[in-house]
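Commentary on secondary and tertiary structure
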Amino acid sequence: MALAAIFVLAIIILLVTGLFFLRGVNGYLVETVQNKIDITAYFKADTVEGDILNVRQDLLAAAPEITSIEYVSREAALADFNERHKDNPTLARALSEVGDNPFLPALNIITTPTTGQYEKIAQILQQPQFSLFVQKVDFSQKKDTIETVFAITSNVNKFGIGAGILLVLVAILVVFNTIKLVVNASKEEIATQRIVGASSWFVRAPFIIEGALFGLIAFVICFTATFCFAYFLTGVSEIVMPGFSLFRYFITNIFVIILIQLGVGVGLGVVASFIVVRKYLKV
Amino acid sequence: MIQFQKVTKIYEPNITVLQDISFDVQSGEFVSIVGKSGAGKTTLLKMILGLEEPTYGSVFFNGHNISKMDSGGLQQIRRKIGAVYQDYKLLGNKTVYENVAYIMEAGGRDNEEIGREVPKVLEVIGLSEKVENFPDELSGGEQQRLAIARALVNYPDVIIADEPTGNLDPYNAYEVLSLLEKINRAGKTVILSTHDREIINKLGKRVITIENGRLIRDEAKGRFLI
C-alpha cells in the first residue's frame, strides 16, 4: 500500500515537472522567435551611413515595439554573403560577374513577440522622411513564419497545460484513494484511540508524518529520474532545438525543480493524509 | 455523575431502540444494566461515550450534556471513562504491553510514566508473564483481562463494561466479574451491561432492567427478572 502511494505521488511529481520543462521549451521557442529579424528595411544604394543611422534613431523613438535595430552596411552584407557561401564557387563566380557590390545597406528590425506590429512599422517607414531613403521593406514572409510559429507554440502550450492539469487532477484523486486505503487499514486503531480520548492531532500526526515520508521518498525518486532524463537526453534536445540544453535548463532551475517536486510530493502527501484521516475522526 | 433524562433513540426509518429512559448513576456505584439481546443496552452505553446521540432527551456526564459537547470536550470526557467490550477490541498487531501503553500515549502520558505504570497494571490484572505476546496468543479470559487493563490504565472515573463475559466460560466470567468488583471497591463507578442471569444474581447490586427499549425496573439490590 505504501509503495502504491509513493508510486502515485511520483507520477504526479513527474507530471508537474514535465509541465515545468514544457514551460522551458516554450520559453526557448518564444525567445528564438523574438530574436528572429522581424523586418528588414533596405536602403537605396547611395544613402549615406549617417542618414541610415538617423532613420534608426527616429524609428527607435517612434515605435516602442521595436526591441533592437541592427545596421548592416553594404560591405558587411557582402562579407556575410561571401562567408556563408565560401564553399559555393558558382555563387562566387556569379557575384564576380555582377562586378559591383549588389547588396543594399539595411536595417534589421526586431520587435516584441506579439503579432500585428509589422504593419505599424511598415507604415512608419512609408512616411516621407523615411521613404526618401528606403528602397523596400521586407517583412511579409517572415511575418507568416512568425505567426505560424506563434500559432504552433500557443496550441502546443494550451494542449500540454490542459492535458497536464487534467492528468494531475486524476492523479490527485488516485493519491487520495491510495492514502485512504493506507489509513483504512488502521481504522480500528483510530476508533479505539478516539474512544479512549485521544485528541485529533494525536491520531492525525502519525498519518501526516507518513504522508510526508511518502512524498519525500517520491521526491528522491523523481529528482533522480529528472536528473538522468536531463543528463542523457540533453544531446537529443540540442539536435531538435539548437541552443536549448535540457541539462543546462535543469541545472539553471535546480532549486525551482527541487521546490516544485518537494512541494508537490510532501505537500500532497500531507494534505491527502490530513483530509482522509478527518473522516475517521468522526467517532 | 451520569444522568439520562428522557432519552429516546430512534434509528431511521422508524426503529425505536430506547424510549423515554431516565436514571442517575452516582459516583462509586456498581450498576448493572440487564435486558435481552437487542433491548438497547449497548446503545445506552454508547451514549455515555458520545458514540451515539439521543434522538430526544439528554445524557449528562458530571453536569455536561454529552451530545452538545465539541470534539475536544468529548475527548476530555472519554479520558475519564474506561470501556470494556464483549469482542475486546484489542489491536492484533500490538503486543500485550503495547495494547496498554498506546492507550496511555493517547491520554497524553509521557514515556517515563508509561514505562512505570503499564507493568503495574498488567501485574494487577495477572498478565505480567505475557507482556510480549500478541492478543491472538491469549485465551478469551486473558484477552478480556487485557481489555480491562487497557480500560483501567488511564485511571478513569467510570468503567463501562458492555457484555464483558459474553464470550467467556463460567470460570473466566467470574474472574472478570471479580476484577470489576475489585475496581468498584477501589472507588470507581462501574456500569455493567449483561444478559447473564447468574452474574447479576451473584452481585446483589443495583440493577436497571430494560425491555423493548423501556426502563421497566430500577432496584438498589436487584435480581435478574425477565
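Residues numbered from 1 in each chain as written. Chains lettered and ligands numbered in written order. Predicted model: local features only at pLDDT ≥ 70, side-chain atom pairs only at ≥ 80, totals over all residues.

**Notes on the overall build of chain B**
The cut-off we apply is this: Strands here are runs of E lasting at least two residues and helices are runs of H or I lasting at least four, both read from the DSSP assignment and numbered beginning at the N terminus. Working definition of burial: number of other C-beta atoms within 10 Å of the residue's own, with buried at 20 or more, exposed at 12 or fewer, and partly exposed in between, all C-beta atoms being placed from the backbone.
Each helix and strand in chain B was counted, giving 7 helices and 10 strands. The buried share among the 226 residues of chain B stands at 44%.

**Side note on the overall build of chain A**
Note the cut-off: Any two residues are considered in contact once their C-beta atoms, placed from the backbone, lie within 7 Å.
What chain A contains, in helices and strands, is 11 helices and 4 strands. When each of the 283 residues of chain A is scored for burial, the buried share is 25%. A fraction of 84% describes how many contacts in chain A between residues 6 or more apart in sequence connect residues 24 or more apart.

**Some thoughts on helix 3 (residues 96-106) of chain B**
Within helix 3 of chain B, 8 of the 11 residues are buried, leaving the element largely enclosed by the surrounding structure. Restricting attention to buried positions, one finds in helix 3 of chain B the residues Val96(B), Asn99(B), Val100(B), Ala101(B), Tyr102(B), Ile103(B), Met104(B) and Ala106(B). Residues of helix 3 of chain B that are buried sit in contact with helix 8 (187-195) and helix 9 (200-240) of chain A together with helix 4 (111-125) and helix 5 (140-152) of chain B.

**Remarks on the packing of helix 9 of chain A against helix 11 (residues 254-280) of chain A**
Residues and elements named next belong to chain A. Applicable threshold: Structural elements are reduced to axes, namely lines fitted to C-alpha atoms, with helices fitted over the stretch in contact, and the angle between N-to-C directions of any two is expressed from 0 to 180 degrees. Small angles under 35 degrees read as roughly parallel and large ones over 145 as roughly antiparallel, with 65 to 115 read as roughly perpendicular and the rest as oblique. In this scheme the crossing of two helices becomes right-handed for a clockwise turn of the near helix relative to the far one and left-handed for an anticlockwise turn of less than a right angle. Throughout this entry, Asp, Glu, Lys and Arg are counted as charged residues, while Ala, Val, Leu, Ile, Met, Phe, Trp, Tyr, Cys and Pro are counted as nonpolar. The remaining residues, Gly among them, count as polar.
With their axes 8 Å apart at the nearest point, helix 9 and helix 11 run at an angle of 150° to one another. Judged by the angle between their axes, helix 9 and helix 11 are roughly antiparallel. The chirality of how helix 9 crosses helix 11 is right-handed. For the contact of helix 9 with helix 11, a count of residues per class yields 19 nonpolar, 7 polar and 2 charged.

**Observations concerning the sheet that holds strand 1 (residues 39-43) of chain A**
Adjacent strands of a sheet form backbone hydrogen bonds with each other and so pair up, either parallel or antiparallel. Residues and elements named next belong to chain A. Note the following rule: Two strands qualify as a pair provided DSSP detects at least 2 bridges between them.
In space, the 4 strands of this open sheet follow the order 2-3-1-4, with antiparallel pairing throughout. The open sheet has two edge strands, strand 2 (66-72) and strand 4 (134-138), and neither has a second partner. Strand-to-strand twist in this sheet, taken as the mean axis angle between neighbours without regard to direction, amounts to 20°. Across 6 bridges, the pairing between strand 2 and strand 3 (residues 106-111) is antiparallel. Paired with Glu70 across the bridge in strand 3 is Asn108. The strands that helix 2 (residues 49-62) touches are strand 1, strand 2 and strand 3; relative to strand 2, the one it contacts most, it runs at about 175°.

**Things to note about the interface of chain A and chain B**
Every contact between the two is made by 12 residues of chain A and, on the other side, 14 residues of chain B. Elements supplying a minimum of two residues to the side of chain A that touches chain B: helix 8 and helix 9 of chain A. At 5 residues, helix 8 of chain A tops the list of elements feeding residues into the side of chain A that touches chain B. Grouping the constituent residues of the side of chain A that touches chain B by class yields 5 nonpolar, 5 polar and 2 charged.

**Considering the sheet that holds strand 7 (residues 158-162) of chain B**
Residue and element names in this part refer to chain B. The strand order 6-7-8-3-9-10 describes an open sheet built from 6 strands, whose pairing is mixed. Edge strands, defined here as strands with exactly one partner in the open sheet, are strand 6 (81-85) and strand 10 (214-219). Across the sheet, the mean angle from the axis of one strand to that of its neighbour is 15°, orientation sign disregarded. Where strand 7 and strand 8 (residues 189-194) come together, 5 bridges link them in parallel fashion. Residue pairing across strands places Asp162 opposite Ser193, the latter belonging to strand 8.

**Focus: unusual backbone geometry**
Residue and element names in this part refer to chain B. Residue Pro13 is reached from Glu12 by a cis peptide bond, and omega for that bond is 0°. Within the secondary structure, Pro13 is located in the loop between strand 1 (2-11) and strand 2 (15-25). Of note, the phi angle at Tyr155 is positive, near 50°, even though the residue is not glycine. Examined against the element boundaries, Tyr155 turns out to sit in the loop between helix 5 and strand 7. Residue Tyr155 is classed as exposed on the basis of its 12 C-beta neighbours within 10 Å. For Glu163, which is not a glycine, the phi torsion comes out positive at approximately 50°.

**Brief notes about the environment of Ser273(A)**
Residues and elements named next belong to chain A. If you trace the backbone, Ser273 turns up in helix 11. For the pair formed by Ser273 and Ala212, sequence separation is 61 residues and the distance between their alpha carbons is 8.7 Å. When sequence neighbours within four positions are dropped, the list of residues in contact with Ser273 reads Ile179, Phe207, Ile208, Glu210 and Gly211.

**A look at helix 11 of chain A**
Counting along an α-helix, one turn takes 3.6 residues, and residues three or four places apart therefore face a common direction. Cut-off, in case you're wondering: Expected helix span is given by 1.5 Å per residue-to-residue step, counting one fewer step than there are residues.
Compared with an ideal rise of 1.5 Å per residue, which puts 27 residues at 39 Å, helix 11 of chain A spans 39 Å between its outermost C-alpha atoms and is within 8% of the ideal. Three or more residues of helix 11 of chain A are buried, namely Ile257(A), Gln261(A), Val264(A), Gly265(A), Val266(A), Leu268(A), Gly269(A), Ala272(A), Ser273(A), Val276(A), Val277(A) and Tyr280(A).

**Overview of the nonpolar core**
Filter applied, for reference: We define the nonpolar core as any set of buried residues of the types Ala, Val, Leu, Ile, Met, Phe, Trp, Tyr and Cys, connected via C-beta atoms lying within 7 Å of each other.
Leu9(A), Ile12(A), Ala149(B) and Ile160(B) are the most contacted members of the largest nonpolar core, which has 97 residues in total. Examining the composition of this core, we find that 9 residues originate from one element, helix 1 (residues 2-34) of chain A, more than from any other. Apart from residues no more than four positions distant in its own chain, Ile12(A) is found in contact with Val168(A), Ala171(A), Ile172(A), Val175(A), Val264(A) and Leu268(A). In terms of nonpolar packing, the next biggest core, distinct from the first, is built from 14 residues, Ile39(A), Ile52(A), Ile121(A) and Leu125(A) among them.

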